[in-house]
Protein chains: 2
Amino acid sequence: MKAIKVGLLGIGTVGGGVFAVLKRNQEEITRRAGRPIEIRVVADKDHERARKMVSVISPDARVVDDAFSVVNDPEVDIVVELIGGYGIARELVLQAIANGKHVVTANKALLAVHGNEIFAAAQEKGVMVAFEAAVAGGVPIIKALREGLSANRIEWIAGIINGTTNFILSEMREKGLSFAEVLKEAQRLGYAEADPTFDVEGIDAAHKLTIMSAIAFGIPMQFESATIEGISRLDAVDIRYAEQLGYRIKLLGITRKMESGVELRVHPTLIPAKRLLANVEGAMNAILVQGDAVGSTLYYGKGAGAEPTASAVIADLVDVTRMHTADPEHRVPYLAFQPDAVVDLPILPIAEIFSCYYLRLRVADKTGVLADIARILADQGISIDALIQKEPQEGEDQADIILLTHKTQEKSILAACAAIEALPTVQGGMTRLRLEMLQ
Amino acid sequence: MKAIKVGLLGIGTVGGGVFAVLKRNQEEITRRAGRPIEIRVVADKDHERARKMVSVISPDARVVDDAFSVVNDPEVDIVVELIGGYGIARELVLQAIANGKHVVTANKALLAVHGNEIFAAAQEKGVMVAFEAAVAGGVPIIKALREGLSANRIEWIAGIINGTTNFILSEMREKGLSFAEVLKEAQRLGYAEADPTFDVEGIDAAHKLTIMSAIAFGIPMQFESATIEGISRLDAVDIRYAEQLGYRIKLLGITRKMESGVELRVHPTLIPAKRLLANVEGAMNAILVQGDAVGSTLYYGKGAGAEPTASAVIADLVDVTRMHTADPEHRVPYLAFQPDAVVDLPILPIAEIFSCYYLRLRVADKTGVLADIARILADQGISIDALIQKEPQEGEDQADIILLTHKTQEKSILAACAAIEALPTVQGGMTRLRLEMLQ
């Protein structure tokens, strides 16, 4: 059968991986897809490097500087966008769609921020936009959510969806080091970028979470309403105390459907150390999905890297190749639900979410302090699940108190914390982290 | 849009689950599938019970005794086969296919044994046969293997794919009990059948493994060539020794592609206690898949039960509904590879597989015994990874030796074991278990 012709935008790490895997596994992939998939043209600003890479793997492919010439090329059936970012990538994807080309992209930032516009344009033109590589690298979580769990009302998703931060947290716990120390090591090893903001402040995770939330609940992308807290201010002492209480701290992306709206939040989270998710170490990703029929399912694997990401890009290419000439009605809808069945459920303000909490505070070592704290919590309807009071160190007259609460609403905790911090026996501010039982 | 009409064969546990979930989540499922999915007729020999169940959930559906009347019913678009077993189920499925109906089945035994015949018939008639529910309940592992990992050469799969045996092994380890004791408890709790042979002897796991092997490697179903060892002869002492060495024993289904053929084997297996797979406890299922591009990915969830299995059956119904009127060339091939691209790779005899091994033997407490054993292993080219020699108990003159070997071929271990058992200092037979590092 005639080959399907692909134009590749950007041949960096992932692009190189796509090229290499497609070539190496050509025979297996063709046996699955039913027809060959060929990269015919590659656009990259670094023309010299691109030409060198392409000439080694597939001398037949053309190399150009101008990405627009690829999306306008009548020979190209599918455009693979691996440039990243919101700017030029958005223009190229919209232009490709306008030209009636299918698009495969790994660009989570683009979809989380401009996804609604892109999917509307694609729907209009009757083309596919596939994005398995946008979340958790080669782990087929988009397929699981869009198709594998289609019988379920998805209740919530909790995922470790950023490898850099999971690596840092694993190292902080294992070696008892501070965030700053481990970050430096991660940068040296290539696990963290020179400017690590996107990863460590949770923005990358929030992009991915936004996409999962949309396809799980059938809602538009609402990245701008996500609550995002990273790990840069996380104190090593809290990792230690959490461990003593039987918990580990992970940067989780959590999205949960409530009656009044959807929780959409990324933040460091205590989870019971016995959970599989707590035992996902290093740069690995894992996503726990709760469905009303299936219960909990978990998906685990490498969330980044050239070939794992290429695995997802090529799986999309196979899917698109198979459905290339099929009527659009036979396709899986972009956001899992038929476009006219997407509902506009709002993202809840963070004050309205429900969670358990970990609280750490420093108090004067006097009788009656605990009673005051317990009364304030009780007044807010918050019940205490566990409490540790550390003996003051030799020569000090202050002690750490660590409290775990049962589930409550964030606004109750905020009110309680304000009242506790106003007590004359409480020194300085409190540390407050969310805790999820994941059941 | 017009509803798609389903005929349900068998309304036991899973059938009841399908009915209930389809009704409860009707709105969400229709929003995904693009048209309603309706069970119009149910066949069950227990007519009275079936009528009662159906009348509660969906009074419009008809109830009949004769399953053949359903597969011959011109109104029915899709037949859902939940009868189980090889006999009548095979006839019904073939008849449904002959009548041009799509089939969704949870029947692993049927597919592992008669899959080649069934898929050939379906190909001939241009109908779909979907079987997500046949492996690991609601975990979308079939979809991951057939579609999500299509860029990869799958290298191997190792899975905990039988909940009953995983529950028994978890209990044996945690409580230090014997197989017989835990089996009784499992039967009382409903985790094991009155006749537990299918589960505890590994047959059910081998059915599921056969299906995964076929779609991972693009080979026909070859259940008759699988090596199957269950857990009924597993000694609690080996679970304890394994634990001391940092391993846990799980009943794994393992399939690996080698140059000369495919390993297809179910047996108790030592795996490092730190692996996620080792920490899958109770009746849960998990499957680890190694692909050349993606690396390791893992899929975890409930492997049985009414609603988890219904989740998979309905996901298939949604897929089939979506592709109902599409040209067959747009569909995912039955065994992941196009029918003309399936290759006839043989299953390797067990003597030719490669594995690490755990050996336990009882020896006279004399000098020179270890030297004899080490020499025999060295003669077979087997290197020792770890060794424990237990001190003889008070008043005894025999000691247990536990050995872990590096990777070797099974026939070398068999030859070595025969030679070791022939030593005059070795008492009785040896215990031999396979050990996999899963990397």
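Counting restarts for each chain, with residues numbered from 1 along the sequence as it is written. Lettering of chains starts at A and numbering of ligands starts at 1, both following the order in which they are written. Whole-chain, interface and lining totals are the exception, using all residues; otherwise, since this is a predicted model, local features are given only for residues with pLDDT of at least 70 and side-chain atom pairs are given and counted only at 80 or more. With hydrogens and water excluded, all non-hydrogen atoms of the structure serve as input to the side-chain values.

**As for the nonpolar core**
The test is simple: Nonpolar cores are built from buried Ala, Val, Leu, Ile, Met, Phe, Trp, Tyr and Cys residues. Side-chain atoms within 4.5 Å join them into one set. Working definition: with a 1.4 Å probe on protein chains only, accessible area under 20% of the residue-type maximum means buried, over 50% means exposed, and in between means partly exposed.
Counting residues in hydrophobic clusters, the biggest one holds 179 residues, and the most contacted among them are Ile141 and Ile168 of chain A together with Ile141 and Ile168 of chain B. Among the nonpolar cores identified, the runner-up in size contains 72 residues, and Ile78 of chain A together with Phe19, Ala50 and Val63 of chain B belong to it.

**Some words on the interface of chain A and chain B**
So the rule is basically this: What makes two residues a contact is simply this: any of their non-hydrogen atoms within 4.5 Å. Accessible-area loss on putting two parts together, using a 1.4 Å probe and summing over both, is the definition of buried area adopted here. Each salt bridge in this description consists of a side-chain nitrogen of Lys or Arg and a carboxyl oxygen of Asp or Glu lying within 4 Å of one another. In protein, a polar contact means a hydrogen-donor-capable atom and an acceptor-capable atom, both N or O and within 3.5 Å, with residues adjacent in sequence counting only if both atoms are side-chain atoms; elsewhere, any N or O pair within 3.5 Å suffices.
Counting from both sides, the interface comprises 64 residues of chain A and, opposite them, 64 residues of chain B. The largest share of the area that chain A buries against chain B comes from Arg31, Arg32 and Arg322 of chain A, three residues that together contribute 16% of it. The partner of arginine 24 of chain B in a salt bridge is aspartate 292 of chain A, and the shortest N-O contact between them spans 3.1 Å. Where chain A meets chain B, there are 30 residue pairs in polar contact (both at pLDDT 80 or more).

**A closer look at the sheet that holds strand S5 (residues 102-105) of chain B**
Residue and element names in this part refer to chain B. How we decide: A strand pair is defined by DSSP finding two or more bridges across the two strands. Secondary structure follows DSSP: runs of H or I at least 4 residues long count as helices, runs of E at least 2 residues long count as strands, and numbering of each begins at the N terminus. An axis is simply a line fitted to the C-alpha atoms; with a helix, the fit covers only the stretch in contact. Between two such axes, the angle follows the N-to-C directions and lies from 0 to 180 degrees.
Reading across from one edge, S3-S2-S1-S4-S5-S6 is the order of the six strands in this open sheet, with parallel pairing throughout. The two strands at the open ends of the sheet, each matched to only one other strand, are strand S3 (62-64) and strand S6 (129-130). Bridge count between strand S4 (residues 78-81) and S5: four bridges; the pairing is parallel. Bridged to valine 80 within S5 is valine 104. Contacting strand S2 (37-43) and S3, helix H3 (residues 47-57) crosses the sheet at an angle of about 170° to S3.

**Observations regarding unusual backbone geometry**
All names here are of chain A. In this structure, leucine 438 is a non-glycine residue whose phi angle is positive, near 60°. Inspection of the secondary structure assignment puts leucine 438 in the segment after strand S17 (426-435). Given the relative accessible area of 9%, leucine 438 is considered buried.

**Observations regarding the relation of the copies chain A and chain B**
Basically, it comes down to this: Only residues with pLDDT of at least 70 in both copies count here: their C-alpha atoms drive the least-squares fit that superposes the copies.
In the superposition of chain A on chain B (RMSD 0.0 Å, axial shift 0.0 Å), the rotation amounts to 180°. Such a combination of rotation and displacement between the chain copies is what one expects of a two-fold axis. Relative to the rotation axis, the C-alpha of tyrosine 299 of chain A is the closest in chain A, positioned 2.4 Å from it.

**Details of H3 of chain B**
Residue and element names in this part refer to chain B. What counts is decided by this rule: Taking the helix axis as origin, the arc is that swept by the directions to the C-beta atoms.
Buried within H3 are the following residues: His47, Ala50 and Val54. One side of H3 carries all its buried residues, which in axial view fall inside an arc of 65°. What points out from H3, more than 90 degrees from its buried face, is the exposed set Glu48, Lys52 and Val56. Looking at the buried positions of H3, the neighbouring elements they touch are helix H1 (13-24), S2 and S3.

**Regarding a nonpolar patch on the surface**
Put simply, the rule reads: Patches were defined on residues exceeding 30% relative accessible area and lacking a salt bridge, with like-charge contacts within 9 Å and nonpolar side-chain contacts (Val, Leu, Ile, Met, Phe, Trp, Tyr) within 5 Å. Per-residue and other accessible areas were derived by the Shrake-Rupley procedure at a 1.4 Å probe size, with only the shown protein chains allowed to occlude residues.
Judged by side-chain polarity, Tyr86, Val113 and Phe198 of chain A come together as a nonpolar surface patch covering roughly 240 Å² of accessible area. Residue phenylalanine 198 of chain A is classed as partly exposed on the basis of its relative accessible area, which comes to 40%.

**A closer look at the pairing of strand S10 (residues 262-272) of chain A**
Within a regular strand, the side chains alternate between the two sheet faces. All names here are of chain A. Counting buried residues in S10 gives 11 out of 11 residues, a clear majority hidden from the surface. Two strands pair when backbone bridges link them, and strand S8 (residues 227-228) and S10 are joined in this way by two bridges, in the parallel orientation. Among the inter-strand pairings, threonine 227 is bridged to a residue of S10, identified as arginine 265. For strand S9 (residues 247-257) and S10, the ladder comprises 11 bridges, and the chain directions are antiparallel. Residue arginine 248 lies in a different strand from S10, and its bridge partner there is isoleucine 271. Across two bridges, the pairing between S10 and S17 is parallel.

**Considering the sheet that holds strand S5 (residues 102-105) of chain A**
Residues and elements named next belong to chain A. Read from one edge of the open sheet, six strands run S3-S2-S1-S4-S5-S6, paired in parallel fashion. One side of each edge strand has no neighbouring strand; the edge strands of this open sheet are strand S3 (62-64) and strand S6 (129-130). By the bridge criterion, three bridges tie strand S2 (residues 37-43) to S3 in an arrangement that is parallel. Bridge pairing in S3 links valine 41 to arginine 62. Together, strand S1 (4-9) and S2 form the strand contacts of helix H1 (residues 13-24), whose direction differs from that of S2 by roughly 150°.

**Observations regarding the confidence of the model for chain A**
Threshold: Here pLDDT means the predictor's own confidence in every residue, given as a number from 0 to 100.
Across chain A, the average pLDDT comes to 96, with 100% of residues at or above 70. Per the prediction output, this complex has pTM 0.97; the corresponding ipTM is 0.97.

**Comments concerning the packing of helix H14 (residues 369-379) of chain A against helix H15 (residues 410-421) of chain A**
Residue and element names in this part refer to chain A. Here is the rule we go by: Should an angle lie under 35 degrees it is considered roughly parallel, over 145 roughly antiparallel, and from 65 to 115 roughly perpendicular; all remaining angles are considered oblique. Helix crossings are classified by the rotation of the near helix relative to the far one: an anticlockwise turn of less than a right angle makes the crossing left-handed, while a clockwise turn makes it right-handed. Put simply, Ala, Val, Leu, Ile, Met, Phe, Trp, Tyr, Cys and Pro go in the nonpolar bin, Asp, Glu, Lys and Arg in the charged bin, and everything else, Gly too, in the polar bin.
Running from amino to carboxyl end, H14 crosses H15 at an angle of 155°, the nearest separation of the two axes being 9 Å. Relative to H15, H14 is oriented roughly antiparallel. Once H14 is placed against H15, the crossing between them reads as right-handed. Along the contact surface, H14 presents Ile373, Ile376 and Leu377, while H15 presents Ala416, Ala419 and Ile420. For the contact of H14 with H15, the per-class residue count stands at six nonpolar, no polar and no charged.

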